Amino acid sequence: MPQPLTDLVAAVGADAVLTGDATLPYRRDHADGTPVGDPLAVALPSSTEEVAAVVRICAEHALTMVPQGARSGLAGGANAIDGAVLICLERMRRVLELDAVDQVARVEAGVLTIDLARAATDAGLFYPPDPGSWEISTIGGNIATNAGGMRCLKYGVTRDFVRELTAVLADGEIVRVGHRTVKGVAGLDLVGLLVGSEGTLGIVTEATVALLPAPAPSAGLSAAFPSAAAALAAADALVADARRPSVLEFLDAGCIAAIDALIARGDAPGPRLPVAEALLLVQSDAADAVGDVRHYAAIAAAHGATLVETADDPERVDALMDVRRLLHPALRAIRGASLNEDVSVPRSQLPALLEGIAALGEELGITIVTGGHLGDGNLHPTVAYDADDPADVARATRAYLAVIELALRLGGTASGEHGIGSLKLPAIGAELGPRVHEAQRAIKRALDPRGLLNPGRKY
Ligand SMILES: Cc1cc2nc3c(=O)[nH]c(=O)nc-3n(C[C@H](O)[C@H](O)[C@H](O)COP(=O)(O)OP(=O)(O)OC[C@H]3O[C@@H](n4cnc5c(N)ncnc54)[C@H](O)[C@@H]3O)c2cc1C
């Protein structure tokens, strides 16, 4: 056995070191069209100390490392690199502490997002960030990508809830950054730096996150519109309203058709969807959620909604939102593979973004469908393609990058929530500019001078 493997087995035990075919399930995330390497091994540490031991061995043997949560990522950031050790935190799933007075939870990084949310609920509290993948993603992965979700409109993103982190740096040293307290400005904000760093600055092993009092039960509605423009106008009115929604999601005609096809084929449960040019899904979790939703329904109708369905019991509210959760599989099913954007633009630029995407689709001869977090200006234009057809792959890649260029021209960003990973690497230089790009690389060098942690990603 090569020396690094012998050392890894000595550090974490034989059952926590996988090689050969056993590494296959760990090699890639959910992003189509991203490179996947042949790793040396997968390490499955069970504690911060074991993560540190694995990292020290990798550093000693100059092995690259890829931190992994659940590989639900959509940017290729957790994919294997040739010869690397994949350090997967799936065995670190303990909720360590729930403090109702301080309103925080302290968890190991491999805890599933939904398990953290449920633990908070059981204590009468609330962890708001709710990525569509929360049943499969880990809190460590959410922190590393600064994940968003449907409730960001009201509550903010993962970053807004992270107080304190334990992380293992590239040389194996364990550090604790941030503050358990609500306030804390001693030193530079290294929590802010680690959040969204996509496994390139350190491996997060433990997190203290802020919790809120549990909100009222949600009420919701879905509203069908005869044009995307009408839906956007209704959304503007909803966001500007004093009774601001907690969730405001959008599906265009292509998304509606793709999700309906999935349901019609029996590949997903749910009621058939109306034929419409656009659908808005709206929720309130305020004290008068039912009254809010009545108010939203009137706003939708005033903007030309043709069909409005409201729900005020939790099961029916969930059923309305389940449609949105089918977006990713439905779009992937169109041609077998898909490139998923997560561009974000100032809300005022949403009409220009949608018009620009339609024009790009026509120009490049490819269909781009769009749904997502309309309330935040964060949409998921998606290019479905046939991975076995090189011409289609080239067309899809061109369209994918052209949408990012469009978002940047509109004052937006290439990535609102999924991260850069390897998928969006060609776009990062244009967004940051040379000086800031170099400054970010300098920060990376300061923490990981040998470039061992997730190299070739993010920057
Ligand atoms: C159906 C579906 C719906 C989705 N919906 C959303 C959504 O609504 N909002 C959203 O933001 N994302 C969404 N995603 C994307 C994805 O789930 C998120 O990016 C999530 O945060 C990734 O978590 P993970 O544990 O799977 O991380 P992974 O995919 O394993 O890793 C993601 C990145 O984080 C790094 N990383 C992982 N764990 C650690 C750690 N402990 N320390 C340091 N670095 C680490 C990896 O190296 C990689 O760069 C969705 C994905 C799918 C498949």
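Residues numbered from 1 in each chain as written. Predicted model: local features only at pLDDT ≥ 70, side-chain atom pairs only at ≥ 80, totals over all residues. Heavy atoms only, no water.

## Section: unusual backbone geometry
Here comes step 1: Of note, Gln103 is a non-glycine position whose phi angle comes to about 55°, a positive value.
Here comes step 2: Accessibility expressed as a relative area gives 28% for Gln103, which makes it partly exposed.
Here comes step 3: With phi around 80°, Lys458 is a residue other than glycine that occupies positive phi space.
Here comes step 4: Within the element layout of this structure, Lys458 appears in the segment after α15 (434-447).
Here comes step 5: According to the relative accessible area criterion, Lys458 is buried, its value standing at 19%. (Buried < 20%, exposed > 50% of the residue type's maximum accessible area, 1.4 Å probe, protein only. Helix = DSSP H or I, 4+ residues; strand = E, 2+ residues; numbered from the N terminus.)

## Here we look at the domain arrangement of the protein chain
Here comes step 1: In terms of domain boundaries, the protein chain breaks down into domain 1 (3-88), domain 2 (95-213), domain 3 (215-334) and domain 4 (336-449).
Here comes step 2: Placing a centre on the C-alpha atoms of domain 1 and another on those of domain 2 gives a separation of 22 Å.
Here comes step 3: On the domain 2 side, the residues contacting the 15 residues of domain 1 number 15 residues.
Here comes step 4: Summed over both sides, the interface between domain 1 and domain 2 buries roughly 1100 Å², with carbon and sulfur atoms accounting for 72% of that surface.
Here comes step 5: Inspection of the region where domain 1 meets domain 2 yields zero salt bridges. (Domains from an automatic or database assignment. Contact = heavy atoms within 4.5 Å. Buried area = accessible area lost by both parts, 1.4 Å probe. Salt bridge = Lys/Arg side-chain N within 4 Å of Asp/Glu carboxyl O.)

## Notes on helix α11 (residues 327-335)
Here comes step 1: Residues of α11 that are buried include every one of Leu327, Ala330 and Leu331, and no others. Buried residues of α11, viewed axially, fall in a sector of 95°; they line one side.
Here comes step 2: In the core, the buried residues of α11 are packed alongside β13 (247-252), α8 (253-264), α10 (314-325), β16 (337-340), β17 (368-373) and β18 (378-385).
Here comes step 3: Count one or two residues on from α11 and you reach Gly336, which has phi positive near 95°. (Arc of directions from axis to C-beta.)

## What to know about the side chain of Glu206
Here comes step 1: By secondary structure assignment, the location of Glu206 is in strand β10 (residues 203-210).
Here comes step 2: Of note is the side chain of Glu206, whose polar atom sits 2.9 Å from the side chain of Arg106.
Here comes step 3: In contact with Glu206, not counting residues within four places along its chain, are Leu96, Arg106, Val107, Glu108, Ala109, Glu164, Leu165, Thr166 and Arg176. (Polar contact = N/O pair within 3.5 Å; in protein donor to acceptor, adjacent residues only side chain to side chain.)

## Some words on the site of the ligand
Here comes step 1: As a structural note, the neighbourhood of the ligand is formed by 35 residues, with Pro67, Arg71, Ser72, Ser133 and Thr138 the closest of them.
Here comes step 2: Measuring from an oxygen atom of the ligand, one finds a backbone N or O atom of Gly141 at 3.3 Å.
Here comes step 3: When the ligand sits alone it has 970 Å² of accessible area, and the protein chains cover 94% of it.
Here comes step 4: Contributing elements (two or more residues each) for the shell around the ligand: β3 (65-68), α4 (139-145) and β10.
Here comes step 5: At five residues, the largest contribution of residues to the shell around the ligand is made by α4. (Near = heavy atom within 4 Å. Areas by Shrake-Rupley, 256 points an atom, 1.4 Å probe, with all protein chains shown as cover.)

## A look at the packing of helix α1 (residues 3-12) against helix α2 (residues 48-60)
Here comes step 1: Contact geometry of α1 with α2 gives a least axis separation of 10 Å together with a crossing angle of 165°. In terms of orientation, α1 lies roughly antiparallel with respect to α2. Note that α1 runs across α2; the crossing there is right-handed. The residues of α2 that touch α1, namely those facing Pro4, Asp7, Leu8, Ala11 and Val12, are Glu50, Ala53, Val54 and Ile57. (Axes fitted to C-alpha atoms, helices over the stretch in contact; angles between N-to-C directions. Parallel < 35°, antiparallel > 145°, perpendicular 65-115°, else oblique. Left-handed = near helix turned anticlockwise from the far one by under 90°.)

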